[in-house]
Amino acid sequence: MADKGSLKKAKAPVASPKGSAKRPKSTASTASSKTGGKPKPGSVKREEIASATGSVGELGPPQDIFPLVLTSATQELFECRADEDVTQEKPFKMLRKEEVLQDMKTRAAVSDFHPFKKLVLAYPGEELLLVYDRDFKYGQSFYLVGTEETKERILNPPERMEEEAEEDDMFLVYKTPEPQTWVSLGSELEIEEESVKDSRSKLSYRISRVRREFGAPVQFSDRNASVAKDGYVECTPYQDKSFSIKQLERDTGTQAAPPLQDSSTQTQWMYPKNACTQYVPREFTEQEKEDCMNSENLKNVINSVALRFEVALQQNEIMDVFFDDWGALGEDEDAFGGKADMHLKEYQSFTDLHFSKEKSVSCVKWHPTISGVIAVAVTERLSFEDRINLSTKLLLSPSLILFWSFSDPINPQLRLECPDDIYCFEFCPSDPTIIVGGCFNGQVVLWDISMYTERLQNSRTGGGKHAPTNTKSLSGFEHRPESEAPIVRYCAIAAIETGHQAPVTDVQWLPDYYEVSRTGVPLENKNGICVQLATCAPDCCVLFWDIRAPRVATQSMADRKKPEEKPLENPHGVPSTFKHLDLTWKPIIRVSLPKINTSGEYSPLKFSLRDSVAENPMLTNADKAQNLENTDGGIEYRVLRVPSAKHLKTLEDISTKFFVGTEDGELVYLDWKMEKDNDSGKMISSKPSHRFNIHDGPVNTVQRSPFFKDIILTVGGWTFAIWKEGVMIGPLMHSACSQKKCTVGNWSLSRPGVFFIGKEDGSIEVWDLMEKSHEPSQIQNITTASITCIKPWIVSSKQHLLAVSDELGTLHILEIPWTLHSPSVNECFSTSKYFEREVSHLEYFEERHAFRAKEKNDMEAEEQRRKTEPIIPEKTAKQLEEEVLKEYEQYLELEKRILKEMGLLPEEEEKEKLPEINSH
């Protein structure tokens, strides 16, 4: 019966992935029996796969089951995330063969399917079965099925018979084990030796007393023990030398407590002496080596660790095996200024082999409402002369703005067509589907991507394949596959003669609570949306634009009765949002920048408005999306008209002054409000009020702090500076000249005292004013090319990202560490106090400078006065003697008068002294 029970129990079915299938003893044997012991055509032997992965073993899973490890990136790419897309109840996932091959082609050896390349190539079917092995039955969390028969058997297992199930349950009843006889192995001898036995006879005592004293009453009395001779009896212990007792057992109580011990030592001084030794390594003989290599134990060990060794090799491809875990073990991330990890970590990178090849990234902007989407503008890396020589060739390579999504780092999600290279662009704060950009030829362009918003939103979950169908292919993009990103044409563009005469280098939207009249006066904005913007270029002017249609004369009754013309066909699918501006768009204000003391004008590159649209670092992405959400019908820009300034209220609290950074390294402070010329009576731009020449190169960054509106960061040449609006003495902080040129700068969105500076050698300097202001807190190299843009973004309170682009056309997404994005307690207050102290130091320095200048002027005036005074001739010795004699006579006369008034000088003495005085 025991043998039969064990046999029945061995035949019990093994639980299948669905819990209802009975697995055969050997899949390989079953498959071979069906094919007559020969491998099927198109199948791959496990030995070939094992040789490719570096592991060949006798022990392990069946021959048609291939365990593998899938990283989190691969699971998201194939939608097989553990316990989300595949679970223990639904562990199956069908993978298309062509998608697996494409992944191996794209990522090469980094792909998780690369060790099974032969299996995938030789697989006869179109879809491979991937099974989620949560219990690690075959050693990994996933395994691939190598044959069609096994895949069919796993997907459609045979049903279990009820009789067999009842028979299995019958043998699962617990039986009480029968006791067996005890077999001695020698332990009783040890017990006998450790037991305690009497080694001598026991002592016996007898105590006697007189019988008549039994029961007699006892009388006690007091006495002095010191008086009586035998007052007390002392029984002192002593050692009896007649015999000694050896203590064999003792009962005692102890308390567990750590012992305290003080000790010290002193190294004994030994005279140094030279010593050497020689040894020979002990090695196996050739026979011992051969026996060890052919031993069965070695084979078993290799077979048992082969699968784990294969997994370790795969993990080494995606993990840093040289990372110092011991050094990072004691780091405390909660301590401010401790040894926590402060390095920027690479989170993602984007580049396109076709559109970004041999191009540079000129501008980077995060999408305001869709998380995980970022737009970049790519431009040609050519000089002005090369652009002229290669102008015909440049027409064949279109200028684009690429939209990237974190879900697909290889293919862009959207492409905006540009008439020329874009150096700057900006999302509309009121409507993120509206984008404005500045071209290299001086034109200003508008796009409307409202038709593609759903595609960008679906791109975060792997969608984005259902693009609008009304866009047709353009020249050079005729046979575009459906998987490629669609091309969006621009809605409106300014005429070349009305725009800038140089490349547009900066563009900013005006806020939605005010607008500017044609004379530069701030007025209330009744529309409640952003309708105006400002641009600048090195053509010595700043232009203000309005995206609304200009005011037109009232139509006559005859024009109103005319039937409306049918709209023309739209062959390129261009939205008609700004059709009223296309090629007729003109600026409403042209602000020139005349020089203060000399003739000529300043050439602006960047500017900063005080009352502009600034990102609030404490506002989450969800709040932004809610604040910027439009109505169901959207904003009809075609029906908006520029109102008359007479019907709008003038806003007095809006500052019309702004900072401008020039290509000569100057920072200019001026007012855009127009003033009337006394001679001609025309409205002209006013001259700048202040001008500072600090930087030794073109100013590439003029940015206000997101925490303080009056704090401005400027970067240019080999230095950067921090300014405070209203303190027109000089910069609060001016860095020393660095070894490498500074290309761009940007403030942190979460810490007031932190900002980032990009260098031409591809490194980033992180400055923390709360830690030190004379040097950067850290310098980290990101790329080998010059950095062109830096743009931070807040994903959540725990994750902050930093977008960094370079001249090679690559966009790097870095993760900002906790120490650089988490502010300390009262950091904003401490930073403001730091700026106030710098202002007081600057004012004190200016006062001392003025005092020293005044003192120098006084000394020069005194010296000049001395030079103009007449020269007095020197006196001779005779003249000096006469002056002394005259002074002595005056003294004697004064003495005589005082004595006479006091009555101390008689008349006789007075007469006697007169000849003496005359004799002298």
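Bear in mind the structure is a predicted one, so any value in this text is a computation, not a measurement. (Residues numbered from 1 in each chain as written. Predicted model: local features only at pLDDT ≥ 70, side-chain atom pairs only at ≥ 80, totals over all residues. Heavy atoms only, no water.)

K.L.:
Account for the side chain of Thr714, naming residues and giving values.
P.N.:
Relative to the elements of secondary structure, Thr714 occurs in strand E28 (residues 711-716). Overall, Thr714 belongs to the buried group, its relative accessible area being 1%. Side-chain polar atoms of Thr714 contact the side chain of His695, separated by 2.9 Å. Side-chain polar atoms of Thr714 contact the side chain of Trp723, separated by 2.8 Å. (Helix = DSSP H or I, 4+ residues; strand = E, 2+ residues; numbered from the N terminus. Buried < 20%, exposed > 50% of the residue type's maximum accessible area, 1.4 Å probe, protein only. Polar contact = N/O pair within 3.5 Å; in protein donor to acceptor, adjacent residues only side chain to side chain.)

K.L.:
Provide a residue-level description of the side chain of Ser517, including the pertinent values.
P.N.:
Residue placement: Ser517 occurs in the loop between strand E16 (514-516) and strand E17 (522-524). Residue Ser517 is classed as buried on the basis of its relative accessible area of 11%. With sequence-adjacent residues up to four places away left out, Ser517 is seen in contact with Leu523, Ile589 and Ala645. (Contact = heavy atoms within 4.5 Å.)

K.L.:
Which residues make up the sheet that holds strand E12 (residues 444-448), and what are the values?
P.N.:
Strand order across the open sheet formed by four strands is E10-E11-E12-E14, with antiparallel pairing between neighbours. Each end of this open sheet is capped by a strand with a single partner; those strands are strand E10 (422-427) and strand E14 (492-493). As judged from the five bridges shared by E10 and strand E11 (residues 434-439), these two strands associate in the antiparallel manner. Note that in E11 the partner of Ile422 across the bridge is Cys439. (Pairing = 2+ DSSP bridges.)

K.L.:
So, a nonpolar patch on the surface: which residues are in play, and what are the values?
P.N.:
On the surface, Leu894, Ile898, Met902 and Leu904 cluster together into a nonpolar patch covering about 390 Å² of accessible area. With respect to the helices and strands, the residue Leu904 is situated in the loop between helix H19 (877-902) and helix H20 (907-919). (Patch = residues over 30% accessible without salt bridge, like charges linked within 9 Å, V, L, I, M, F, W, Y side chains within 5 Å. Areas by Shrake-Rupley, 256 points an atom, 1.4 Å probe, with all protein chains shown as cover. Salt bridge = Lys/Arg side-chain N within 4 Å of Asp/Glu carboxyl O.)

K.L.:
How would you sum up the nonpolar core? Please name residues and give values.
P.N.:
Of all hydrophobic cores here, the largest spans 25 residues; its most connected members are Leu446, Trp509, Leu533, Ile547, Phe578 and Trp585. Residue assignment for this core shows that the elements contributing at least two residues are E11, E12, strand E15 (506-509) and strand E19 (541-546). Looking at which element gives the most residues to this core, the answer is E19, with three residues. Counting 23 residues, the second largest nonpolar core, distinct from the first, contains Val373, Cys418, Phe427 and Cys439. (Core = buried A, V, L, I, M, F, W, Y, C linked by side-chain atoms within 4.5 Å.)

K.L.:
Any chance you could break down the pattern of salt bridges for me, citing the residues and the numbers?
P.N.:
This model, assessed by the stated rule, comprises 27 salt bridges. Between Arg81 and Asp85 there is a salt bridge, with its nearest N and O atoms 3.1 Å apart. A relative accessible area of 35% places Arg81 in the partly exposed class. Judged by relative accessible area, which is 34%, Asp85 ranks as partly exposed. A salt bridge links Lys197 to Glu192, with the shortest nitrogen-to-oxygen separation between them at 2.5 Å. Looking at Glu192, the relative accessible area reads 44%, which means it is partly exposed. Beyond isolated ion pairs, a larger network of salt bridges with shared partners links Arg81, Glu84 and Asp85.

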